[in-house]
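Commentary on secondary and tertiary structure
If you want the building blocks of each chain, they are given just below.
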Amino acid sequence: MSYQGKKNIPKITSDRLLIKGGRIVNDDQSFHADIYMEDGLIKQIGDNLIVPGGVKTIEANGKMVVPGGIDIHTHFQMPYRGTTTVDDFAQGSKAALAGGTTMIVDHVIPEPGSSLMEAYDQWRQWADEKACCDYSLHVDVTHWNDSVKQEVDTLIKEKGVNSFQVYMAYKDYYQMSNSELYEVFTFLAERGGIAQVHAENGEIIAEEQARMLQMGITGPEGHVLSRPEELEAEAVFRAITIASQTNCPLYVTRVMSKSAADIISLARKKGNVVFGEPITASLGTDGTHYWSKNWAKAASFVTSPPLSPDPTTPDYLNTLLSSGDLSVTGSAHCTFSVAQKAIGKDDFTQIPEGVNGVEERMALIWDKAVTTGKMDENMFVAVTSTNAAKILNLYPRKGRIAVGSDADLVIWDTDAIRTITAKTHNSAAEYNVFEGMELRGAPLVVICQGKIVLEDGNLHVTSGVGRFIPCSSFPDFAYKRVKARKQLAVLRAVPRGMYDGPVSEFSMSRGGTPSASARTSPTKQPVRNLHQSGFSLAGPPTPDDIPIRPAGRRIVVPPGGRSNITSLS
Amino acid sequence: MSGYQGKKNIPRITSDRLLIKGAKIVNDDQSFCADIYMEDGVIKQIGENLIVPGGVKTIDAHGRMLMPGGIDVHTRFQMPDRGMTSADDFYQGTKAALAGGTTMIMDHVVPEPGVSLISAFEQWREWADSKSCCDYSLHVDITEWHRGIQEEMEMLVKDHGVNSFLVYLVYKDIFQLTDSQVYEVFSVIRDLGAIAQVHAENGDIVAEEQRRILEQGITGPEGHVLSRPEEVEAEAVNRSVTVANQTNCPLYVTKVMSKSAADVIAQARKKGTVVYGEPITASLGTDGSHYWSKNWAKAAAYVTSPPLSPDPTTPDYLNSLLSCGDLQVTGSAHCPFNTAQRAVGKDDFSLIPEGVNGTEERMSIIWDKCVVTGKMDENQFVAVTSTNAAKIYNMYPRKGRIAVGSDADLVLWDPEVTKIISAKSHNSTVEYNIFEGTEVRGGPLVVISQGKIVLEEGNLHATEGSGRYIARKPFPDYVYKRIKARSRLAELRGVPRGLYDGPVCEVSVTPKTMTPASSAKTSPAKQVNQPVRNLHQSGFSLSGAQIDDNIPRRNTQRIVAPPGGRANITSLG
């Protein structure tokens, strides 16, 4: 490094930077070249670049230069029953940068019943004040009605949000019914948003929790016992069905178990537009720790869906991540102190949920997937940044080293070996779920917005420099296929003569029984009118001697989408 | 053929003794040649050179196959629907069944929500007792859920011989139950030792799709299948398998209509779930391309739920799974309506009464599609048409087997005969037959029900009201042996820990779980918080100090997983 004398200056102010002799790694190829950055953007890539004099130069010595990581799922500074997660945007994004992640995407969680827009503004305010790296926001839809719909529309059009999460768990709180999911997905498909889903069957969980507590199981092991992985897999399956029905791209957050991952890969084979997001915790550790005799340690692993007690799960998920069946990685970083977790010391259902992982994510994937030969460095870039950028419609600004892209870069040291421990991590939590794990591979230099933030093991972050990066709707990566299918999936009625035979008398009781849920069944009213007008327009029935087959492909099937509908008559 | 040549026109054969000579007896495990003698409706002797009373009516089988009479596990005769009744009553329906070689039917009691299960059950008993021509039994459908229903289910199991209950995941706002309710129903069913049946379709999605399709101006029968794509069926099957696994309750999926639903069942069985799948005559014999027929009445005749799949390769696929044992039993879901009744939905497909014919055609269709094509042998044919059903519903070996002591419900099968199915010649009362024009090979030559000949030389001699109600006991071995073993193993234990005595964060008083959101229906999860605390505290005071901290934790197997049942839970400390 040429700046040896200045390495103790906490904030590096130079806006010009040259990396020499690096091996640039994108998701498609790796090549040797120098990179010159200015004003936070990559200006030149190539050999023998002509750059202004006196530019700070970093000698990469043939080490890999990868796009900075994008942690697509964090919960910094998340309010929870009057307290807040211990890592705020400053602490959290600092930890992110320390691990080689230069952008985070946080979840806005409006209380059910409150305005999405207010929550969004609140999160923006928190993050703008404190974030040390660029960020974007997902907004969680925790209830559904016309005004929420309006707000979602505004968020997409004006506020740079293109992804919305719905919950299938947390009964009587965040959970949505299948009909609501259908409506949300339909709306998002229209507006070009990505439907994210927290997939667990909340109804069964509620029953199982009651059963566990009745049996006297109150510790953290009850958390995983009441949420077996089947319930996750079931909900994933259901979400995929609804998404496929509504032709909406689906994104499954927190893939924690083998069976959930299997369902995603199966659906992808069938052609569904679905993305799976394993998190640092599910790729790096397992749920056996819920049985730890140390309550505080066991409680620190509590997250939903839970870590699978099957110790072969992380390896399996890493394999699917490597093969492309799972697409992106997040951390779902959401840390609580032991005292906060202890809210649930007598009842596991009250333990606040969340694990750490934003700092460990890159190194852990490198260690578990690249050093083991499951994936190469290009795939590593794809799953840690490029795919996320494509889904969020930020590509190639983020997730790629190219001229014009943001200067968010990491020089990666493949030989560094580090032991993860709560003593040295940058999170404020007392426990680290990866405690004692030895990982090969670590960031040597981290450059964020064209500035060096990590060098020689020293972190120089600046709170509040992080910018909000707006995501626009209809990301090509997801919507090209969806659009093509929408064009094909037009349904047509069969033109028939009016049925003029006898009609039985019947009572209307069946359709009209107003049973418990009076929410949505407006099926009957508008229907009749449409039909009648439809028929008067159609005119007289077409003569029967015209062959029916060639006349029109009545239903055209999107590739792999709908079931096999033929047009025989 | 029979020794009674002169009397064949007597409508009711009164002889209670019958001998069949030279038959190839086909059970689900083996076939062998023997004579068979029955008396008073029960098989008394099997073997060669039997010693029988003189003057017994004798049938010479000439080496033809003699098999247990078919059991149609799913019929809906005389089913009320919005003031109408399905076209075939118990007389007409059972007559059709017998004509096709089926000697027992299992009908569904469908109580209107709000009506007591017991009174509905008694109503169905009354209808069937007065009209049924063959033995019958009854499934009871659970169309709503509250405590009173649970008590009635107990009574039905204990006093009325019912061991199977159907829940609906579809028909939103009418029959549909929520996942929590299904969980509770399944828990009750498991405790009672009964079988949980499920009509698997996602009712929420179906309701949304119906609205969408109608809004597009699609009102004909094609809208029925367009609004119920097979994914929606597969999703519901997957969900009910999950709930059944969770509650350790045996599951039986009625009307398997699509490849993907069948695949989900096959996969669940591979993972060890106790689940059975029932394809029906219609899904094995025809497909949903007819919904696009220009003839409205014809298209409407195919309307049933889940719908027939428009994929024309579906029947072949389902027949293959039936042959390899991934699907186990066959019913007909026989519930036809005549055209005038269907026309209730002439302007709106969602109002068309649902149901197809198939009780008469079932045996022949399966023979033609599976045995003639070499997918299965005659023994597997017996298994899927009668034996498996008898085992699942705890009627074996009284029904579903040819053995001494079993009921004399038999079919002499002619594998050579060919027949063209047509509404002109069928025994149902409806104008359309969904298998119209299908040529099937194989049919019953002689049908014996309760030891009496009811079909001979093409003549049907069915007696209205002769059918008996067959009571069934709970805990069928075929199903519950595995369930019992698993529930013994599946005990969960908490981890004994010292009390956590560190700092505890203050929380605001709005706990996460207290928000009274829209669905105030069933959330008993929260009320139990009260007793729980006490249990916990007493547990801890008993356990005392943690003296065993130095003992390695491995030695206690805390959770033992049932084979293939739960997720892989290991017991590391």
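About the thresholds
- Residue positions are given per chain, counted from 1 along the sequence in the order it is written.
- The order in which chains are written sets their letters, starting at A; the order in which ligands are written sets their numbers, starting at 1.
- Totals for whole chains, interfaces and linings use all residues, but because this is a predicted model, local features are given only for residues with pLDDT of at least 70 and pairs of side-chain atoms are given and counted only at 80 or more.
- For the side-chain quantities, the full set of heavy atoms in the structure was used; hydrogens and water were omitted.
- UniProt positions are given in the numbering used here, feature names are shortened, and annotations may be inferred rather than shown by experiment.
- Runs of H or I in DSSP of at least four residues are treated as helices and runs of E of at least two as strands, each being numbered from the N terminus.
- Helix span is expected to be 1.5 Å times the residue number reduced by one.
- Here, two residues are considered to be in contact whenever any of their heavy atoms come within 4.5 Å of each other.
- Two strands qualify as a pair provided DSSP detects at least 2 bridges between them.
- Between N-to-C directions, angles span 0 to 180 degrees; the directions come from axes that are lines fitted to C-alpha atoms, helices contributing only their stretch in contact.
- Residue-level confidence of the predictor is summarised by pLDDT, bounded by 0 at the bottom and 100 at the top.
- Side-chain atoms alone can form a polar contact between residues adjacent in sequence; in general such a contact is a pair of N or O atoms within 3.5 Å, and within protein one must be able to donate a hydrogen while the other accepts it.
- Put simply, a salt bridge is a Lys or Arg side-chain nitrogen that is within 4 Å of an Asp or Glu carboxyl oxygen.
- Categorising residues by exposure relies on relative accessible area from a 1.4 Å probe, with only protein chains included: less than 20% of the type maximum marks a residue as buried, more than 50% marks it as exposed, and the intermediate range marks it as partly exposed.
- Joining through side-chain atoms within 4.5 Å is the link that ties buried Ala, Val, Leu, Ile, Met, Phe, Trp, Tyr and Cys residues into a set, and such a set is a nonpolar core.

Focus on the UniProt feature "domain: Amidohydrolase-related" (unreviewed entry) in chain A
Look at the UniProt record and you will see "domain: Amidohydrolase-related" (unreviewed entry) annotated at residues 64-453 of chain A. What you have in residues 64-453 of chain A is 39% helix and 19% strand, and the ends, taken at the C-alpha atoms, are 17 Å apart.

Re helix H15 (residues 477-489) of chain B
With 13 residues, H15(B) should cover 18 Å at 1.5 Å per step; its first-to-last C-alpha distance of 18 Å lies within 8% of that length. Of the surrounding secondary structure, the elements contacted by the buried residues of H15(B) are helix H4 (179-192), strand S12 (195-199), strand S14 (275-279) and helix H14 (378-392) of chain B.

As for the sheet that holds strand S11 (residues 163-167) of chain A
Residues and elements named next belong to chain A. Pairing within the open sheet is parallel, and its seven strands lie in the order S6-S9-S10-S11-S12-S13-S14. Every interior strand has two partners, whereas the edge strands, strand S6 (69-74) and strand S14 (274-278), have only one. Taking each pair of neighbouring strands and ignoring which way they run, the sheet shows an average axis angle of 25°.

What to know about the confidence of the model for chain A
Close inspection of predicted coordinates is inappropriate in any region flagged by low pLDDT. All names here are of chain A. With 87% of its residues at a pLDDT of 70 or more, chain A shows a mean pLDDT of 87. Scored below 50 in pLDDT, residues 1-13 makes 14 contacts in the model with residues more than four places away or belonging to other chains. In this model, residues 510-569 is a region of pLDDT below 50 whose contacts with residues beyond four sequence positions or in other chains number 92 contacts.

What about the side chain of Ser137(B)?
All names here are of chain B. Within the secondary structure, serine 137 sits in strand S10 (residues 135-142). At 2.8 Å, the side chain of serine 137 and the side chain of arginine 472 are in polar contact. Here serine 137 is in contact with Met104, Ile105, Met106, Asp107, Tyr469, Ile470 and Arg472, once residues within four sequence places are set aside.

Structural notes on the pairing of strand S15 (residues 410-420) of chain B
Residue and element names in this part refer to chain B. Pairing of strand S5 (residues 65-68) with S15 involves four bridges; the strand directions are antiparallel. Each residue of the ladder has a partner; that of methionine 65, found in S15, is tryptophan 413. Bridge analysis of S15 against strand S16 (residues 439-449) gives eight bridges, and the strand direction is antiparallel. Bridge assignment links threonine 418 to a residue of S16, and that residue is arginine 441.

Looking at the environment of His333(A)
Residue and element names in this part refer to chain A. Within the secondary structure, histidine 333 is located in the loop between helix H11 (313-323) and helix H12 (338-341). For the pair histidine 333 and glycine 202, spaced 131 residues apart in sequence, the C-alpha to C-alpha distance is 22 Å. If near-sequence neighbours (up to four positions away) are discounted, histidine 333 is found in contact with His73, Thr74, His75, Phe76, Asp87, Val355, Asn356, Gly357, Val358 and Ser427. There is a polar contact of 3.0 Å between the side chain of histidine 333 and the backbone nitrogen of glycine 357.

Some details on the pattern of salt bridges
Under the definition given, this model contains 57 salt bridges over all chains. Linking Arg17(B) and Glu39(B) is a salt bridge whose minimum nitrogen-to-oxygen distance equals 3.9 Å. Placement of the pair is Arg17(B) in strand S1 (residues 17-26) and Glu39(B) in strand S2 (residues 31-39), with a sequence separation of 22 residues. Residue classification places Arg17(B) among the partly exposed residues on the basis of a relative accessible area of 37%. The partner of Asp407(B) in a salt bridge is Arg398(B), and the shortest N-O contact between them spans 2.9 Å. Overall, the relative accessible area of 35% leaves Arg398(B) in the partly exposed class. Put simply, Asp134(A), Arg397(A), Lys398(A), Asp406(A), Asp408(A) and Arg467(A) are held in one network by salt bridges that share partners.

Some points on the sheet that holds S10(B)
All names here are of chain B. Strand order in the open sheet formed by seven strands is S6-S9-S10-S11-S12-S13-S14, and the pairing between neighbours is parallel. Here the strands that pair on one side only, and so sit at the sheet edges, are strand S6 (70-75) and S14. The average undirected angle you get between the axes of adjacent strands in this sheet is 25°. In terms of strand pairing, S12 meets strand S13 (residues 251-256) through three bridges, oriented parallel. Looking at the pairing, alanine 196 lines up with leucine 251 of S13. Here helix H2 (residues 117-131) sits on the sheet and contacts strand S9 (102-109) and S10; the angle it forms with S10, its principal contact strand, is near 155°. Contacts from helix H13 (residues 362-371) reach S6 and S9, with the element oriented near 110° to S6.

Considering the nonpolar core
Note that soluble globular proteins tend to have their nonpolar side chains buried in a common cluster. Of all hydrophobic cores here, the largest spans 219 residues; its most connected members are Val152(A), Leu250(A), Ile142(B), Met153(B), Phe165(B) and Phe186(B). It is helix H7 (residues 229-246) of chain A that contributes the most residues to this core, nine residues altogether. The residues touching Met153(B), leaving out its near neighbours within four places in the chain, are Leu117(B), Ile142(B), Trp145(B), Phe165(B), Val185(B), Val188(B), Ile189(B) and Leu192(B). Among the nonpolar cores identified, the runner-up in size contains 29 residues, and Leu491(A), Ile280(B), Ile421(B) and Val440(B) belong to it.

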